[in-house]
Amino acid sequence: MARLADYFVLVAFGPHPRGSGEGQGQILQRFPEKDWEDNPFPQGIELFCQPSGWQLCPERNPPTFFVAVLTDINSERHYCACLTFWEPAEPTQEAVCAEDAAGRGEAAEEGGPGHLSPAVPGPPGQLFAPKTLVLVSRLDHADVFRNSLGLIYTIHVEGLSVGLESVIGNLLTCVVPLAGGSQKTISLGAGDRQVIQTPLTESLPISRCSVALLFRQLGITNVLSLFCAALTEHKVLFLSRSYQRLSDACRGLLALLFPLRYSFTYVPILPARLLEVLSTPTPFIIGVHAAFQAETQELLDVIVADLDGGTVTVPECVQIPPLPEPLQSQTHSVLSMVLDPELELADLAFPPPTTSTSSLKMQDKELRAVFLRLFAQLLQGYRWCLHMVRIHPEPVIRFHKAAFLGQRGLVEDDFLMKVLEGMAFAGFVSERGVPYRPTDLFDELVAHEVARMRADESHPQRVLRHVRELAEQLYKNENPYPAVAMHKVQRPGEASHLRRAPRPFPRLDEGMVQWIVDQATAKMQGAPPAVKAERRTTVPSGPPMTAILERSGGPHGSSARRLEVVRNCISYVFEGKMLEAKKLLPAVLRALKGRAARRCLVQELHLHVQQNRAVLDHQQFDFVVRMMNCCLQDCTSLDEHGIAAALLPLVTAFCRKLSPGVTQFAYSCVQEHVVWSTPQFWESMFYGDVQTHIRALYLEPVEEWDPSQVGESQAQDERSALDVASEQRRLWPMLSREKQQELVQKEESTVFSQAIHYANRMSYLLLPLDSSKSRLLRERAGLGDPESASNSLVTSSVAGSVAESYDTESGFEDAETCDVAGAVVRFINRFVDKVCTESGVTSEHLKGLHVMVPDIVQMHIETLEAVHRESKRLPPIQKPKLLRPRLLPGEECVLDGLRVYLLPDGREEGSGGSGGGPALLPAEGAVFLTNYRVIFTGMPTDPLVGEQVVVRSFPVAALTKEKRVSVQTPVDQLLQDGLQLRSCTFQLLRMAFDEEVGSDSAELFRKQLHRLRFPTDVRGTFAFTLGSAHTPGRPPRAAKDKAPSLRTLSRNLVKNAKKTIGRQYVTRKKYNPPSWEQRGQPSPEDQEDEISGGGQQPGQPGRAPCAERRPGARRDPCARPAPVSEEREPSTLTPSSALKPSDRMTMSSLVERACCRDYQRLGLGTLSSSLSRAKSEPFRISPVNRMYAICRSYPGLLIVPQSVQDNALQRVSRCYRQNRFPVVCWRSGRSKAVLLRSGGLHGKGVVGLFKTQNAPSPGQSQADSSSLEQEKYLQAVVSSMPRFADMSGRNTLSGFSSAHMGGHVPSPRARVTTLSNPMAASASRRTAPRGKWGSVRASGRSSGLGGDVGSRLAGRDTLAPPQANGAPPDPGFLRPQRAALYIIGDKAQLKGVRPDPLQQWELVPIEVFEVRQVKTSFKKLLKACVPGCPATEPSPASFLRSLEDSEWLTQIHKLLQVSVLVVELLDSGSSVLVSLEDGWDITTQVVSLVQLLSDPFYRTLDGFRLLVEKEWLSFGHRFGHRGAHTVAGQSSGFTPVFLQFLDCVHQVHLQFPMEFEFSPFYLKFLGYHHVSRRFRTFLLDSDYERIELGLLYEEKGERRGPQPCRSVWEYVDRLSKRTPVFYNYMYAPEDAEVLRPYSNVSNLKVWDFYTEETLSEGPPYDWELAQGPPEPPEEERPDGGAPQSRRRVVWPCYDSRPRAQPDAISRLLEELQRLETELGRPPERWKDTWDRVKAAQRLEGRPDARGAPSSLLVSSVPHHRRSLGVYLQEGPVGSTLSLSLDSDQSSGSTTSGSRQAARRSTSTLYSQFQTAESENRSYEGTLYKKGAFMKPWKARWFVLDKTKHQLRYYDHRVDTECKGIIDLAEVEAVAPGTPTMGAPKTVDEKAFFDVKTTRRVYNFCAQDVPSAQQWVDQIQSCLSDA
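A brief look at the structure comes next. Just so we're clear, the structure is a prediction, and the values are computed from it rather than from any experiment.

Cut-offs used in this document
- Residues numbered from 1 in each chain as written.
- Predicted model: local features only at pLDDT ≥ 70, side-chain atom pairs only at ≥ 80, totals over all residues.
- Heavy atoms only, no water.
- Buried < 20%, exposed > 50% of the residue type's maximum accessible area, 1.4 Å probe, protein only.
- Helix = DSSP H or I, 4+ residues; strand = E, 2+ residues; numbered from the N terminus.
- Contact = heavy atoms within 4.5 Å.
- Pairing = 2+ DSSP bridges.
- Axes fitted to C-alpha atoms, helices over the stretch in contact; angles between N-to-C directions.
- Parallel < 35°, antiparallel > 145°, perpendicular 65-115°, else oblique.
- Left-handed = near helix turned anticlockwise from the far one by under 90°.
- Nonpolar A, V, L, I, M, F, W, Y, C, P; charged D, E, K, R; others polar.
- Core = buried A, V, L, I, M, F, W, Y, C linked by side-chain atoms within 4.5 Å.
- Salt bridge = Lys/Arg side-chain N within 4 Å of Asp/Glu carboxyl O.

Our focus in this paragraph is helix α11 (residues 401-408). The buried fraction of α11 is high, at 6 of 8 residues. Those residues of α11 that sit buried are A402, A403, F404, L405, G406 and R408. Elements that come into contact with the buried residues of α11 comprise α10 (360-378), β18 (396-399), α12 (414-421) and α20 (595-607). Backbone geometry just downstream of α11 places G409 in the positive-phi region, at approximately 70°.

Our focus in this paragraph is the sheet that holds strand β47 (residues 1897-1901). In space, the 7 strands of this open sheet follow the order β44-β43-β42-β41-β47-β46-β45, with antiparallel pairing throughout. Across the chains shown, the open sheet's two edge strands, defined by having one partner strand only, are β44 (1860-1863) and β45 (1867-1872). For this sheet, the mean angle separating the axes of adjacent strands, direction not counted, is 35°. Bridge count for strand β41 (residues 1819-1826) against strand β42 (residues 1833-1841) is 8 bridges, and the pairing is antiparallel. Pairing of K1826 across the sheet is with W1833, part of β42.

Taken in spatial order, the 5 strands make up an open sheet running β3-β2-β8-β6-β5, and their pairing is antiparallel. Lying at the two open borders of the sheet, with one neighbouring strand each, are β3 (24-31) and β5 (64-71). Sheet twist, expressed as the mean angle between neighbouring strand axes with direction ignored, is 25°. Summarising the sheet, strand β2 (residues 7-14) and strand β8 (residues 128-137) pair through 6 bridges and their orientation is antiparallel. Within the sheet, the bridge partner assigned to A12 lies in β8 and is K131. Against the sheet, helix α4 (residues 142-158) touches β2, β5, β6 (77-88) and β8, its axis set at about 25° to β6. Of the strands in this sheet, β2, β3 and β8 touch helix α5 (residues 164-173), which is tilted by about 125° from β2.

Once that is clear, we can look at the packing of helix α7 (residues 220-231) against helix α8 (residues 243-257). Axes are the key here: two packed helices are described by the angle between their axes and the distance separating the axes. Relative orientation of the contacting elements α7 and α8 amounts to 70°, with a least axis distance of 10 Å. When the axes of α7 and α8 are compared, the pair comes out roughly perpendicular. Of the two elements, α7 crosses α8, and the hand of that crossing is right-handed. Residues V223, L226, F227, A230 and L231 of α7 touch α8, and the partners they reach there are L253, L256 and L257. Of the residues belonging to the contact of α7 with α8, the class tally is 8 nonpolar, no polar and no charged.

All right, on to the packing of helix α18 (residues 560-575) against helix α19 (residues 578-591) then. Where α18 contacts α19, the two axes come as close as 9 Å, and the packing angle between them is 145°. With respect to the hand of their crossing, α18 and α19 are arranged in left-handed fashion. Of the residues in α19, those in contact with R562, V565, V566, N568, C569, Y572 and V573 of α18 are M578, E580, A581, L584, A587, V588 and A591. Split into classes, the residues belonging to the contact of α18 with α19 amount to 11 nonpolar, 1 polar and 2 charged.

Let us look at the nonpolar core. Grouped together as the largest cluster of nonpolar side chains are 258 residues, with contacts concentrated most on F8, F227, F238, I285, F442, M628 and W682. Apart from the residues within four sequence positions on either side, W682 is in contact with L648, W676, Y758, R761, M762, L765, F827 and F831. Listed in part, the 136 residues of the second largest apolar core include V1234, V1408, F1519 and L1539.

A few words now on the pattern of salt bridges. With the rule as written, the count across this model stands at 76 salt bridges. For E727, the salt bridge goes to R730, with nearest N and O atoms at 2.7 Å. Of the two residues, E727 and R730 are both situated in helix α24 (residues 721-731); the distance of 3 residues between them amounts to about one turn of the helix. According to the relative accessible area criterion, E727 is partly exposed, its value standing at 28%. For R730, a relative accessible area of 33% gives the class partly exposed. Ionic pairing is found between R1505 and D1613, a salt bridge with its closest N-O pair at 3.8 Å. With R1505 in helix α49 (residues 1501-1514) and D1613 in helix α54 (residues 1608-1618), this residue pair connects regions lying 108 residues apart in the sequence. Note on R1505: relative accessible area 14%, which makes it buried. According to the relative accessible area criterion, D1613 is partly exposed, its value standing at 25%.

Here is the structure:
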């Protein structure tokens, strides 16, 4: 029996002590005034009465009622029923609150405390104060409380003639039963009657209708997620405007959690004053009034359920694990059947007329029944995992979590794992684990109904029936007497609160109430105590566990065949048939991945143990240990399948004799597994064993437990330990005191002896064989932290656990130096402490144990020393000898081979996965580190694979991630230190070091690797160190210049200036470049520096450091100016003679660059003085950046509009990021539209102008002026376009209205077209679908372009039928109303731009990804293609899923999409400026792709090289930074922008295979070598940096003898001469074809560069290392013998298929070469043969196949080739294509005409791109030539060509690449010369002669005097001919 109410309290409004407007609650009276002894008065009631705060109110509100819950320190809940009514405020209260009335008014408007019904204002100025009646009780009878408080209020309001004191006294003395289903009628003495029913079972919660209401408010999915959140200990917050709803919702949620009890903070109504409780770190369930929703917004980890709005908001950082399937979906469907029974009938043709819907109360019970079933299914069989550790004096029970999860098959399930680890479940075990106690509905359900639930799963109606049965029971529990008499309680009349109350609530007479209470107490004491007999029984255990979802065991299912193999192998081992066993072993090791096979192994081994001991010979011992290790390697730290537990007795049983008296046990060889160092494993093992022994104590005949029943419940036919315990608990009260003591003692000593036994066992498995090694500790140092425990391969450790989790202060941090013994002692002590305190071992025994443990450990160490010593003497296993890798010339080994195992890395092919094939991995061999690569070479460990050499390597520079791992060696399953190296060339080395490799060697390997990967300076890279002999004299530059300056254009200009030029140089002042500030304001000379204006001299001291640095250039008449270029190809670009000598040098070298050659090909202007320049040319080449002063990352020569002066460019550049202002990079030959590129705009600039309304200001700021410059610049670009003159100003992308012009200044504004909103149907009524990228939004009417640009960007085809290659559906795509220039910019940067009209250009904002997104996407792509660790269940789907997650193909799709858009615009005659990010990443990708798609030239080998040199190298893509080449870039990591571009090219190549001269291999080759740092081409960030290091003009410098290639292009050229590997035989380009590839992700393919690998030789991109095409070796064809078969097995992922089986044409070419060699003819180059064949094919095919090409080769000569003057001829050197690409040449010109034209244009710029031609060599021979300024003499092969009027020179006679040309048109004189320093010593002085040109003087020397004379005559005659 218990009191119905403990306290009655009257709380009223009182002023706040600090005088603030809000009041506070004051307790006016409380009864009884003294606290009850068993139940003190709860604090803080006044806060909970008015949770929103105490405030006066201008109107009288109706009374309100709610129940708040307070929890005291003993976690007892007190229910506070609060009835609040309003009374007129007293004058003192009003005065206090007057000053704050205004503020309160506002609060009320914002929705302060909820006004529940329309309130009526009192007299004007009258305020009302709240007063609350509170009942405090420990019982939850809300209805009774509501009635009782209502009665007291009614008596007061209605003025009934009943004494309030007696009513309250009666209420406080009312006593009701707690449970048992009785009912009691009570009356408070006011003519009232109430009936109180008690529930049948106390343990079942009472929910009334709260659960049903909760589902109505939130819906099924939301309630399920709240349920999971509460169970997994998340914070749940309810919001509502009703306090009662909050209480109900919280009560409902708690009722759903039954049988678990919620043990964290539970506050259904939280007062406003206590809102900071919400930021507590512990979980909670709290309700808060919706008025305070704003205060809950900042909570980051709280799940907010809004009851009024029906929403549940889960923050991003919170992950609620869902219920395990299939329970989640089953529960969901049953809930929907209960809540919406008509759902099932909704589709019926003839629905039944009526459906009976349950009452709300019944529905509530049905919903609870669903959750009760759910718990029964989740926890089914939990009693089989309880360990009875003690029975007497009190039961001690532990739950074996791992076994439960393992047997339910839910180890991976996040939800159940968290539930089992939670506090609620711990309470569940201690409460319900007890074997002898009262049972309730849940116990019945989980024991007896499980089979029924399983059978009903597929029958929804049967499930529903079961739910209803359970609901009946729950309902009966709550309402045992449904037909009770109704309550009779008076209520106040309608609207009684509006009547003027006769008086305020009176003060009650305390004495009277107290007297009534005392009377009742006295009466109670006299009555006998009501003892309720508890019915206790043995709790039924129910059927044993089954998995929740019968999963198939995957590929390692328990097929009988596998188990047979395991059994056979073991019997062979024990019968001594070692060869047989060896054959089976690989199969057994594979089978042991399956659980059944592991169980089988353990059972079989048990059979071979007699009397706890089995002595084996060495071979047997090795086999058994290997199998045990294999078994254990898949055990997680939890050991959920009990495999480690079953092996534990075996590892101490199997042993071998090493020498007399020394025995080695198996445990010394199976230590390195994570499970042994997991305290939870040892605890559950210990408790399991203790339970067995305790059970044996009480069973009369001591039954032996057969340990072979792994993981099964102990012998089910006998009584389980729980049954025994239950029986003992029943008998316990009847035993005598002595007997009880005896049993307690026996149990205690049983536990104690087990503890000693386990201390021994643990020392066996934790002490390493070689105790001097501290490796074990370091390896396992993760033992306290959850990450290492969760990762089954990272061994965690004793020591670590010791150090981290508990006593860190024990000085154990440094695991290196610590002793093993101490660590193990601490680990065992901690274990002993925990289990002994939990199992109630006496403190004396515990102390004894602590003394014993160090001795046990010490003894064991001494035993091990002898074992270790003897085991050393065993003959070592023969290891295979290390294979040395092949190295490149110049590559040296930095570290010699470390013996390692290469392990599988998740790519199936190599390990013989589902694709079949041999298991090449794991392989045993060695890892080598060279100055260029990391190389593994070795052999597969699987003896059945054979002697295949496995090679895997990657360049050191490609390393992206290196991490240490602990992995198992494949042979003996030992855990070893390992390394995982991942490279951006898609190689992964996952290696385990052999035990002979010390940890210091491994560490040294890592350090060296790191040093090579990130050298301090780029000079430390392989590309530089490779040929480091070339600069013997130059000291290396300091790592960082203190003041880096533009000293000169190139360091090598002044390498030895001091020696040559005079001493005065030393005293001259050092040049310093102008500071940035000075650069901002142009110097006076600078303003006249206009190459385009008059003929002023552009160089001046401020900008031309060369002039300053080389005084000799001006003063010393002997010092000739010489070009910087070390005589690479000579410049045909002759700068006007007005240039100063120093500038001319700069110019001539700049003209050499790829950019310039290309500009001339495209006809994009010349670089000449203004006198000779044709005004008609719209663009010119400006040398304004020749000193890299305007923009460091741009090339020296830039194409700008003719009309823009150089000094204006400096100002324009300020508007753009990194000063990268718009320059022309390509011009369409057909539409003459130009493509421009630039960096993104700064805030100022055109965009800035649009964003701000410019008010007229007296003086324009500098920013404005530069913006105006920029605007003029764009205007100039637009004016330079051919058809611009005919176009009116109103031809923008779409119409506009001039209303936007606003503002006073006619400031320049551009049209804006956003690609984000879908627009209306375009002129041809096509609707543009809304896509991820949106579409073009126009400000006025929609033009044809608008719709289609948008739909193209949206990545969809429009409704009209699309064409095959992605062309727009109808020719009206681009109509005349289009802008002359589109600026493609970043949407984020153009945000807020108003669409303001300006005639000629339009902004097109697009969304592009950022570079960091490329980086993260690439990381995920790497992980998808090379996972790193074998997948649990590999499937193609998982690869595709991770590929999709990486979003790599989405980025490719976006790039192609934007590029195709730009191509369309250019093709239609509009120019495009691409201005994204900083202008060097995505801009470069887009611009390069556009040129590749638009211009067939770039799809040739030469053209692609030119494209990369121009757009990527010259325009400053930051290869060094993006590839993280040095220490400086280490933090930024690798970002594959260039690789992404190559991938895009590869996608286009796949779609148009006949359009590209190069093969896909060429792209892979560049993809590999742009990160390999083998060549210098891709090393630095810009031309400026390359010049600083002296790289740029060395690449083609003069060389002595063959040197390694420094440039990748040179390497490609050399290789192309030998093999056609880069050539695409299908090359048959269409006429001037513009490619428009499909860009949808579905059209894209994963590049095989990412996925393929060749394990026979490593990556095939270092050609010298590759084996070349396999020729059958001689010994295979013995002379005279029968011809042997030339078949060959090609293994996937081992052999390179293209090399094993080359394509037909390569094969024929090889065959030709072989035949030529056999015939004794010098073999011809493959290209010559191929060209000749192709030409012959064409000629044959011409008559009949005129129109359509009938084969690849039989296409008519393409039009563009003819127009560019292709002629094929045969000659002594072999024929090659000579493309005389001259822009002004018409297709009709004859060959001689083309030569004339070429001759004409040489004076302006390059027109020739030729490989060595077999052209007219009028005279040739060797001459020595003096190099440019400060360069040595070198012998060259000179060719005098009278036809072309040139003197060309080559490196040697057969060189095909011309090194330079001297144009005879420039020669002024040929005169005898004198030998200078460094000239050949042996030659006569008269053999020297000089050739003087307009640019410089060339010094020559022939081999003797006659040949010198001959040369002079030839040159003279050539000059006179001209």
